Amino acid sequence: YERAYSEEALGRLAEAGVGLVWVPFFRGFGLEFEKRHSERARAVIEQAHARGLRAAARISLGALTPETLLLEEAEAQNWFQVNQDGHATIFSAGGSFRVRPCYVSEGYLRYMERVCGQALDAKADLIHFDDLGFNPEPDTCRSPESVALYREMLRDKYGTQDDKTRAAGQARFGHHTFTHVRPPAFADRAQAAALRALEGVHIQEWGNFKAYSVRSCLERMIRCIERR
């Protein structure tokens, strides 16, 4: 990284006609743990601007490292995804030490707003969110926050609040009661794939919810960025 983001390297990129460079800014280890790293990123962004380059701050939005993050934020224990077996969901592309965050956790969202704020303070022209997504079933989030929001989403679409939602609920589920509904359970990944192929109602709605939770997380970050 020292070579890749040196003044000499940035100068060569500018001479070659490059317009935008990506700079690693936050990798999920914790703001304090990564402070030296983010300060270096701030200097790289400043040097890039001096050469007419724009700079994108790369932020890991879908993976966290508990070993270091928990030393700074004890509350982060409640930010991690919990799979159907009650274990933290491991970020499958990052080895065994990184975990997936719960995208609807209020504490996590507030923390990531702070991260975005620091990237904006560093004068980043663009923020690139990295590592976003879910693992394959059955290794996805069943945190209390996710289950509660899943039920709320179903009530909004199929509840008893008006004629339209009552008709939709009757047609889709045969009822309008979602107080105790739970995400689909799977024996293993093979069964998850087989059941997805059958396109069961609950599996479809759970898939919709996962897309909704990622989208709502991104929208929250976008609003934060726009306010700044």
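To start, this report covers the structure provided alongside it. Quick caveat: nothing in here was measured; it's all calculated off a predicted structure.

**Some thoughts on helix α1 (residues 7-15)**
Here α1 has its buried residues at Ala 9, Leu 10 and Gly 11. Next to the buried residues of α1 lie β1 (20-26) and α2 (35-50). Looking one or two residues beyond α1, the residue adopting positive phi is Gly 17, at roughly 95 degrees.

**Description of the pattern of salt bridges**
The final tally for this structure, using the stated rule, is 17 salt bridges. Residues Glu 73 and Arg 114 are paired through a salt bridge, measuring 3.4 Å at the closest nitrogen-oxygen approach. Of the two residues, Glu 73 sits in the loop between α3 (66-72) and α4 (106-121) while Arg 114 sits in helix α4, which places them 41 residues apart along the sequence. Under the relative-accessibility criterion, Arg 114 is labelled partly exposed at 45%.

**A closer look at the packing of aromatic side chains**
Per the stated rule, a full pass over the model turns up 14 aromatic pairs. Between Trp 79 and Tyr 111, the ring centres sit 5.2 Å apart and the planes meet at 45 degrees, which makes this aromatic pair tilted. Of this pair, Trp 79 sits in the loop between α3 and α4 while Tyr 111 sits in helix α4, and the two are 32 residues apart along the sequence. Grouping residues by exposure puts Trp 79 and Tyr 111 together as buried. Through pairs of rings, three or more aromatic residues link up here, namely Phe 26, Trp 79, Tyr 108 and Tyr 111. Positioned over the ring face of Phe 134 is Lys 210, at 6.0 Å from the centre of the ring.

**Some words on the nonpolar core**
Counting residues in each nonpolar core, the largest one holds 38 residues, and the members touching the most others are Val 23, Phe 25, Phe 26, Ile 59, Tyr 111 and Met 112. Those elements that provide at least two residues to this core are β1, α2, β2 (54-60), α4, β3 (126-130) and α8 (201-227). Ranked by the residues each element gives to this core, the list is headed by α4, at 7 residues. Setting aside chain neighbours within four positions, we find Phe 26 in contact with Leu 31, Glu 34, Arg 58, Ile 59, Ser 60, Tyr 111, Met 112 and Val 115.

**A few points about a nonpolar patch on the surface**
Residues Leu 20, Trp 22 and Leu 126 make up a contiguous nonpolar surface patch of about 240 Å² in total accessible area. A residue is classified by how much of its surface remains accessible, and Trp 22, at 37% relative accessible area, is partly exposed.

Calculation criteria
- Residues numbered from 1 in each chain as written.
- Predicted model: local features only at pLDDT ≥ 70, side-chain atom pairs only at ≥ 80, totals over all residues.
- Heavy atoms only, no water.
- Buried < 20%, exposed > 50% of the residue type's maximum accessible area, 1.4 Å probe, protein only.
- Helix = DSSP H or I, 4+ residues; strand = E, 2+ residues; numbered from the N terminus.
- Contact = heavy atoms within 4.5 Å.
- Salt bridge = Lys/Arg side-chain N within 4 Å of Asp/Glu carboxyl O.
- Phe/Tyr/Trp six-rings, centres within 6.5 Å; stacked < 30°, edge-to-face > 60°.
- Lys NZ or Arg CZ within 6 Å of the ring centre and 35° of its normal.
- Core = buried A, V, L, I, M, F, W, Y, C linked by side-chain atoms within 4.5 Å.
- Patch = residues over 30% accessible without salt bridge, like charges linked within 9 Å, V, L, I, M, F, W, Y side chains within 5 Å.
- Areas by Shrake-Rupley, 256 points an atom, 1.4 Å probe, with all protein chains shown as cover.

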